[in-house]
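The chain contents come next:
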Amino acid sequence: MGLEEIKRRIAAAEKASGRAAGEVTLIAVSKVQPPGRVEAVLETGHRIFGENYVQEAVGKWPDWRTRFSGVELHMIGPLQTNKLKPALELFDAIHTLDRPSLASKLARQVQARGNCPQLFVQVNTGAEPQKAGILPDDADAFIAECQAMELVLSGLMCIPPESEDPVPHFRALRDIAARNGLRGLSMGMSADFETAIAEGATHVRVGSAIFGARDYS
């Protein structure tokens, strides 16, 4: 499908939803992709990328950042507290703030550093036991807890259950964000980003539809 087609579809979805052109940020998810594919997208001028694993990102992005100015890197995978320091050194945004222990360690690191990446609280809208994220019923309290630690939150993130209609999950996330005064909504991936845009997404995370299928072998 490719980057240009995804950008065209995002623009069409923005227009169809009555939203301003360019209102939605496209995060190109480059995890486990061969370097040649990622460099091809960088060569087009796209600069916003998402990675799931700190170690993988540390191994490839410092070099690309020296070659391609203006790269913005988003952490969209689970973040272990022992990887927090390198994550803060590398990432401009973290979409997976998902538990009190991470929030407290993040607050200490941020205060010591004097700067903070964009932060999104991950909400487990489907209450799936195998999936990370704050449960919807606990989200308001967790958001307040983060803010009490002086963590500046940009918004919320969710990954709806694969087997379900994503719309109720997108709307649940939007409702939690609205009542907590948060604007950012990181929701929508390759299969459902247009639906997410219609429901208010500000950030969509698209990987395979841009780069092609991943080979985990």
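About the thresholds
Residues numbered from 1 in each chain as written. Predicted model: local features only at pLDDT ≥ 70, side-chain atom pairs only at ≥ 80, totals over all residues. Heavy atoms only, no water. Helix = DSSP H or I, 4+ residues; strand = E, 2+ residues; numbered from the N terminus. Buried < 20%, exposed > 50% of the residue type's maximum accessible area, 1.4 Å probe, protein only. Lys, Arg positive; Asp, Glu negative; His and termini not counted. Salt bridge = Lys/Arg side-chain N within 4 Å of Asp/Glu carboxyl O. Contact = heavy atoms within 4.5 Å. Core = buried A, V, L, I, M, F, W, Y, C linked by side-chain atoms within 4.5 Å. 1 Å grid on protein atoms, 1.4 Å probe; cavity = no way out; pocket = protein on both sides within 12 Å on 5 of 7 lines; lining within 4 Å. Points joined across faces, edges and corners; volume = space filled by probe spheres on them. Nonpolar A, V, L, I, M, F, W, Y, C, P; charged D, E, K, R; others polar.

Engineer: Just to check I follow, could you spell out the side chain of Glu14 for this structure?
Structural biologist: Structurally, Glu14 is set in helix H1 (residues 3-16). No salt bridge is formed by the buried Glu14, whose closest oppositely charged neighbour, Arg19, lies at an N-O distance of 6.4 Å. Those residues in contact with Glu14 that lie beyond four places of it in its chain are Arg19, Ala20, Ala21, Gly22, Glu23, Val24 and Ile197.

Engineer: How should I be thinking about the nonpolar core in this particular structure?
Structural biologist: Within soluble globular proteins, side chains that are nonpolar generally end up buried alongside one another. With 61 residues, the main nonpolar core has Trp61, Leu97 and Leu151 as its most contacted residues. The greatest single-element share of this core, amounting to five residues, is contributed by helix H5 (residues 100-113). Non-local contacts of Leu97, meaning those with residues more than four positions away in its chain, are made with Leu102, Ala103, Leu106, Phe120, Val121, Gln122, Phe142, Cys146, Leu151 and Leu153.

Engineer: Would you explain the layout of surface pockets in this entry?
Structural biologist: Think of a ball as big as a water molecule: rolled over the atoms, this probe shows where empty space is left. Counted as a void, the largest pocket has a volume near 730 Å³. Along its surface, the largest pocket is lined by 28 residues, and Lys31, Ile159, Glu162, Met189 and Arg205 are the ones closest to its centre. Taken together, the residues that form the lining of the largest pocket break down as 13 nonpolar, seven polar and eight charged.

Engineer: So what exactly am I meant to see when it comes to the pattern of salt bridges here?
Structural biologist: Close approach of charged atoms allows side chains of opposite charge to pair. Counted under the stated rule, the structure contains 14 salt bridges. Its salt-bridge partner being Glu4, residue Lys7 comes within 3.7 Å of it at the nearest N-O pair. Pair noted here: Lys7 and Glu4 are both in helix H1, with a separation of three residues, about one helical turn. With a relative accessible area of 37%, Lys7 lands in the partly exposed category.

Just distances and angles here, no functional claims.
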